[in-house]
Amino acid sequence: MPRALLYSVPMSSRPSGPRIVALLNQKGGVGKTTTTVNLGAALAVSGLRTLLVDMDPQSNLSLHFGVETDEGRPSTGSLFSQPPSKVEDCIVKGRDNLSFIPADTELALVEGELAGRDGVQTVLRDALTKVAKKFDVILLDCPPGLGVLSVNALTAAHEVFVPMQAQYLALRGLEKLLGTVQLVAAGLNPNLVASGVILCMHETLSSHGKAVVDEIRGHLEQFRGADVPWRDCRLLAPPIRRNIKLAEAPSFGKTIFDYDSKCPGAEDYRRLAESVLSMWRERADADAPAPAAKA
Ligand SMILES: Nc1ncnc2c1ncn2[C@@H]1O[C@H](COP(=O)(O)OP(=O)(O)O)[C@@H](O)[C@H]1O
Ligand SMILES: [Mg+2]
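Rules and cut-offs
- Residues numbered from 1 in each chain as written.
- Chains lettered and ligands numbered in written order.
- Predicted model: local features only at pLDDT ≥ 70, side-chain atom pairs only at ≥ 80, totals over all residues.
- Heavy atoms only, no water.
- Phe/Tyr/Trp six-rings, centres within 6.5 Å; stacked < 30°, edge-to-face > 60°.
- Helix = DSSP H or I, 4+ residues; strand = E, 2+ residues; numbered from the N terminus.
- Buried < 20%, exposed > 50% of the residue type's maximum accessible area, 1.4 Å probe, protein only.
- Pairing = 2+ DSSP bridges.
- Expected span 1.5 Å × (residues − 1).
- Contact = heavy atoms within 4.5 Å.
- Near = heavy atom within 4 Å.
- Polar contact = N/O pair within 3.5 Å; in protein donor to acceptor, adjacent residues only side chain to side chain.

Looking now at the packing of aromatic side chains. A full pass over the atoms with the stated rule returns four aromatic pairs. Ring geometry for Phe65 and Phe100: centres 4.5 Å apart, planes at 10 degrees, overall stacked. Within this pair, whereas Phe65 is found in the loop between α3 (60-64) and α4 (76-79), its partner Phe100 is found in strand β4 (residues 98-101), the two being separated by 35 residues in sequence. This pair shows no difference in class: Phe65 is buried, exactly as Phe100 is. The interplanar angle of 25 degrees and the centroid separation of 6.5 Å between the aromatic rings of Phe161 and Trp280 together place this pair among those described as stacked. One end of the pair, Phe161, is in strand β6 (residues 159-164); the other, Trp280, is in helix α13 (residues 264-287), and 119 residues separate them in sequence. Each member of the pair Phe161 and Trp280 is classed as buried.

Written out as structure tokens, the structure reads:
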């Protein structure tokens, strides 16, 4: 992608600050972490200052960068401690334009003994506000489940991407997830929208898969213009094909672009980044004030 083109893209109609995206699905193993890392890496390559936040106590995102957790380093878990770590101290530089905040098992306390603490839902939002000027894009890698950690991500985010598989029952899960987005939008974060569904580990030849894709598309279409936070949600292209290289890369602490930049997985995430950027560009155009009419 031509870098010059990207730099000329108005990234947001907001006056300032990064786009913050929660990658959410209550189901585990659907491609949230793989997408956070590799979409993030592709956005970073295209020139955007990108921060990834590991919100999962299993710390898989951190492992993609070869970071062993529980080494006493400041992390998303310690943002919730009292006193909390400074967010600046939690940020690790992964690659050019690509930083991340690792997680550790301490983060599991947030779903347990800290869950009822006053103000716990806004901890991440308050922390990210302090580093907002340093980044163009922040991607939040949510844990499975729709508990306090996912609510923290939804409270901090402007929009939600849903990685999922085109499989029977997936639509049920999508409906439940969108219900949670609606709850958070009705309370803590009125501007929150669900803007994209990303099909991961996609089997292009399966006729069952094709039928489910049509079903997901039809489901989203029926809400166009409705008063719900997913009224503009689209199926983002392309689907990410199942590609073993995507599963191998993290065991070497590498993104797909470091591991094999020519494989289908790298190609798919590169193209996904392009379509995300063009969606943001379109939306910024739509939000721009109309030019004054000529006298
Ligand atoms: N497109 C893909 N092709 C092959 N394996 C994949 C692909 N996407 C993810 N995986 C693998 O599937 C597993 C689950 O993916 P992951 O991103 O960790 O899901 P989640 O974060 O939703 O739990 C991981 O082992 C990952 O390496
Ligand atoms: Mg994960």
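This is not the end of the story, as more comes after the structure.
This part is about the pairing of β4. Side chains of β4 alternate between two faces, with Leu98 and Phe100 and Ser99 and Ile101 buried alike. Here strand β2 (residues 50-54) pairs with β4 via four bridges, running parallel. For Leu52, the partnering residue across the bridge sits in β4 and is Phe100. The pairing of strand β3 (residues 92-95) with β4 spans three bridges and is classified as antiparallel. Across the sheet, residue Val92 finds its bridge partner in β4, namely Phe100. Where β3 folds back onto β4 in an antiparallel hairpin, the turn is made up of two residues, including Asn97, whose phi is positive at roughly 65 degrees.

Attention now moves to helix α9 (residues 170-186). Its 17 residues place the ends of α9 24 Å apart at the C-alpha level, agreeing with the 24 Å of an ideal helix rising 1.5 Å per residue. Restricting attention to buried positions, one finds in α9 the residues Ala170, Leu171, Leu174, Leu177, Leu178, Thr180, Val181, Val184 and Ala185. Where the residues of α9 are buried, they touch α8 (148-156), β6, β7 (193-199) and α10 (207-221).

Within the structure, ligand 1 sits among 14 residues, and Gly29, Lys32, Thr33, Thr34 and Asn243 are positioned closest to it. Gly29 is positioned such that a nitrogen or oxygen atom in its backbone is 2.7 Å from an oxygen atom of ligand 1. Within the side chain of Thr34, one N or O atom sits 2.5 Å away from an oxygen atom of ligand 1. At the level of secondary structure, the elements contributing two or more residues to the shell around ligand 1 comprise α2 (32-45) and α11 (244-248). In terms of residues, the shell around ligand 1 owes the most to one element, α2, which gives three residues.

Here the focus is the pairing of strand β1 (residues 19-23). Most of β1 is tucked away, with five of its five residues classed as buried. Neither face of β1 is open: one carries Arg19, Val21 and Leu23, the other Ile20 and Ala22, and all of them are buried. When β1 meets strand β5 (residues 137-141), the two strands line up parallel, connected through five bridges. When the bridges of β5 are listed, Ala22 appears paired with Leu140. By the bridge criterion, three bridges tie β1 to β6 in an arrangement that is parallel. Counterpart to Val21 in the pairing with β6 is Glu159.

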